[in-house]
Amino acid sequence: MTKKTLFDKLWNSHTVSDLGGGVALLYIDRIFLHERTGSISLIGLKDRGRKVAKPEKVFCTMDHIVDTVPGRTDDTTMQGGREFIELTRMATKKEGIRLFDIGDQAQGIVHVISPEQGIILPGLTLVCPDSHTCTQGAFGALAWGIGSTEAEQALATDVLRVKKPRTMLVRFEGELSVGVTAKDMMLHLISKYSASGAVGYAVEFAGSAVSPLSMESRMTLCNMAVEFGAFTGMISVDQKTVDFIEGRPFAPKGDLWDQAKKNWQDLKSDYGAKFDNEIVIDASKISTTVSWGTSPGQSISLNEIIPSPKSFKDQNKKIAAENAQKYMAVKPETWLHELTIDAAFIGSCTNSRLTDLRRVSYILKGRKVAQGVRAICVPGSTKVKEEAEAEGLDHIFIEAGFEWRESGCSMCFFAGGESFGFQERVISSTNRNFEGRQGLETRTHIASPETVAASAIAGYICAAKDLENV
Amino acid sequence: MEGFKKIISKAIPLLRINVNTDAIIPSREMKQVSKQGLSRGLFAGWRYKLNQRREPNPDFILNDTAYKDAQILLSGDNFGCGSSREHAVWALHEYGIRVIIAPSFGDIFYKNCIRNGILPILLSEQDISQLSDNEHKITLDNQMINDEISFEIAPADKKMLVDGLDDIELNLKHTSDIRLWENNDRMKRPWAYLSKLK
Ligand code: SF4
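Here goes a summary of the coordinates provided. (Residues numbered from 1 in each chain as written. Chains lettered and ligands numbered in written order. Predicted model: local features only at pLDDT ≥ 70, side-chain atom pairs only at ≥ 80, totals over all residues. Heavy atoms only, no water.)

## Some words on the interface of chain A and chain B
Interfaces are often sized by the accessible area lost when the parts come together. Our working definition: The contact rule is simple, with two residues in contact once any of their heavy atoms fall within 4.5 Å. Summed over both partners, the accessible area lost on bringing two parts together, with a 1.4 Å probe, is the buried area. Salt bridges are defined by distance alone: a side-chain nitrogen of Lys or Arg within 4 Å of a carboxyl oxygen of Asp or Glu. We define a polar contact as two N or O atoms separated by no more than 3.5 Å, with the added condition that, inside protein, one atom must be a possible hydrogen donor and the other a possible acceptor, whereas residues neighbouring each other in sequence contribute only through side-chain atom pairs. Charged residues are taken to be Asp, Glu, Lys and Arg, nonpolar residues to be Ala, Val, Leu, Ile, Met, Phe, Trp, Tyr, Cys and Pro, and polar residues to be all remaining types, Gly included.
Contacts between the two partners involve 85 residues from chain A and, on the opposite side, 61 residues from chain B. Taken together, the two surfaces of chain A and chain B that pack against each other cover about 6000 Å², and 57% of this comes from carbon and sulfur. Of all residues in chain A, the largest losses of buried area upon contact with chain B belong to I40, E56 and R161 of chain A, amounting jointly to 11% of the total for that side. Here D158 of chain A makes a salt bridge to R179 of chain B, at a shortest N to O gap of 2.7 Å. Applying the counting rule to chain A against chain B returns 27 residue pairs in polar contact (both at pLDDT 80 or more). Of the residues in the side of chain A that touches chain B, the class split is 38 nonpolar, 26 polar and 21 charged.

## Overview of the sheet that holds strand 4 (residues 58-61) of chain A
Residues and elements named next belong to chain A. Convention followed: Strand pairing follows a simple DSSP-based rule, namely that at least 2 bridges must link the two strands. Under the DSSP-based scheme used, a helix requires at least four consecutive residues in state H or I and a strand at least two consecutive residues in state E, with every element numbered from the N terminus. An axis is simply a line fitted to the C-alpha atoms; with a helix, the fit covers only the stretch in contact. Between two such axes, the angle follows the N-to-C directions and lies from 0 to 180 degrees.
Reading across the sheet, the 5 strands line up as 5-4-3-6-7 and stay open at both edges, with parallel pairing between neighbours. Each edge of the open sheet carries a strand with a single partner, namely strand 5 (98-100) and strand 7 (142-145). The sheet shows a mean angle of 20° between the axes of neighbouring strands, taken without regard to direction. One ladder, built from 4 bridges, connects strand 6 (residues 125-128) with strand 7; its direction is parallel. Among the inter-strand pairings, V127 is bridged to a residue of strand 7, identified as W144.

## Comments concerning the packing of aromatic side chains
Operational definition: Two aromatic rings, drawn from Phe, Tyr or Trp (for Trp, its six-membered ring), form a pair once their centres lie within 6.5 Å of each other, and the interplanar angle then sorts them: stacked below 30 degrees, edge-to-face above 60, tilted otherwise. Buried, partly exposed and exposed residues are distinguished by accessible area as a fraction of the type maximum, computed with a 1.4 Å probe on protein chains only: under 20%, between the cut-offs, and over 50%, respectively. Two limits define a charge over a ring: the Lys NZ or Arg CZ must be within 6 Å of the ring centre, and within 35 degrees of the ring normal.
Considering all chains together, one arrives at 22 aromatic pairs over all chains under this definition. Arranged with centres 5.9 Å apart and planes meeting at 10°, the rings of F43 of chain B and W46 of chain B form a pair that is stacked. By the burial criterion, F43 of chain B is buried, and W46 of chain B matches it. The rings of F32, F59, F100 and F250 of chain A are connected pair by pair, giving a single aromatic cluster. The ring of F244 of chain A carries the charged tip of R248 of chain A above its face, separated from the ring centre by 4.1 Å. Over the aromatic face of W191 of chain B sits the side chain of R189 of chain B, whose NZ or CZ is 5.8 Å from the ring centroid.

Pasting the structure below:
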């Protein structure tokens, strides 16, 4: 029997028809929508006189446009936000799609609530008109982001035409140093192999530094696969995956659960299976990593200095570095430590789950955010928020000087409403440091939630282990 | 969607790497649930001065009158990376762009192009740097630039562009295959199917 990768298994088991030229008609098991891009798919579908084929497999949430200030309503700080919210509510109701609306206990960021509710399961295909859908590949599933038009197709026909990507194995081997997280692993990887390093590939993460990771941290790895340019990210199924899913509201129950579990045992790459490309990273060499530029690839360890554009042999990278350093107002050959910050943000589908918040709370406990720093925490889902509150984490955040918000995407991106100020420097647990991502000319440094918390306390960029000296 | 026709035009050299979809159409420019009216927000962060009055920034290549009405865009590695927003493609299309030439593209962006009448051409950086500043002729039937340089495109993608076809129609031709597959699969993976809503 030929040895297969996890990707091959997922691909083959969903191929309805091979259309030639590397394109297949793939069966789609779950579709997730949100009010920002899903609304437009539902309206597009209606305009074309089509219906949702199977509403029971479609889910929708309000996360991108809704406000995250306590006491929020349908009115948003983003101008015109109400239209998105109302249209989404109307369209989902009409089509009979489950909506996790404002005030629903299951509401939250799509990629946080899908696993939380047991909507994504090992061995499923799931699509969503959102690029970070790859997060859910952490469950041994094929989950990827699509456009709004493709979403219409999946909604109407249960299938998508997909060109088969190549496969890449990224192995993190060895032991991580204390305080180094999944976020650091990804920033390290992308800075070494560039933001386009995995274009055209489905990436599987594996290795002795990946298996000990919690499901939450595995989601952080897969979340950043798209920042590496990948079609998607994924991780083979193990006991942790199964334990995470068991008992979740939409997970199979009873006999079906037993059958599912049996079925999932095979959802791993066979030993010796061939990948088109393989990268091995020495995990013990990774340290706290933070971005200095406007692409996730422009990141360094806090032990390194910001590179001089001249140090890039590649002319394009040199120009990109010059542009980024100008935009970010950072100087070559200086330390990130020297940069004072205006704001700190903990949230987003990358790092806003309960374990993230718990780890941050250890750092914040008994400490205060530096003067002049605006610090905000936005739990990834209403459930995360409630669980954190049950443990008293909200008190720790608030006492330290953090704002404690309702769940949603919030200031992970600037939609025209709330934002960090003009040219403010923000340290952020999000995934994108693009120009203008968090506000006009905002200078975003992406980092792990621990690094964000430590920097908020210090008032300048630093790792949690540096706090002893503050 | 109208089928893709031959394009003869100058090419706007936006030669940067990693041009992401947030840069192509910033979120703050997507104010309505609509595919229309997005071209004004195209590259807003670069195209306009920061004073909020939408004064053109003379340093940005799109504002160079030499490229007025150009339908071809040249760029660097990983064009259209980042967010899946199809608005990026709708904005480019409404602005008049029909062909984008780059050494690589963001995956989702590439597919969005195909479905919206924009031809994404993969060309090496070296070949791109050698394209002159004159007009270029792009023909999809024989996959050629100026009858000189050939480019690759998946047959299915080409067909979709040439015919301006709708994926839903195409997929529905397979309805009986899909239902057959599904019935089979339900026996193998009954746990994967959610029960119908009441
Ligand atoms: S949290 Fe940020 S990256 Fe994640 S889905 Fe929301 S806007 Fe996108």
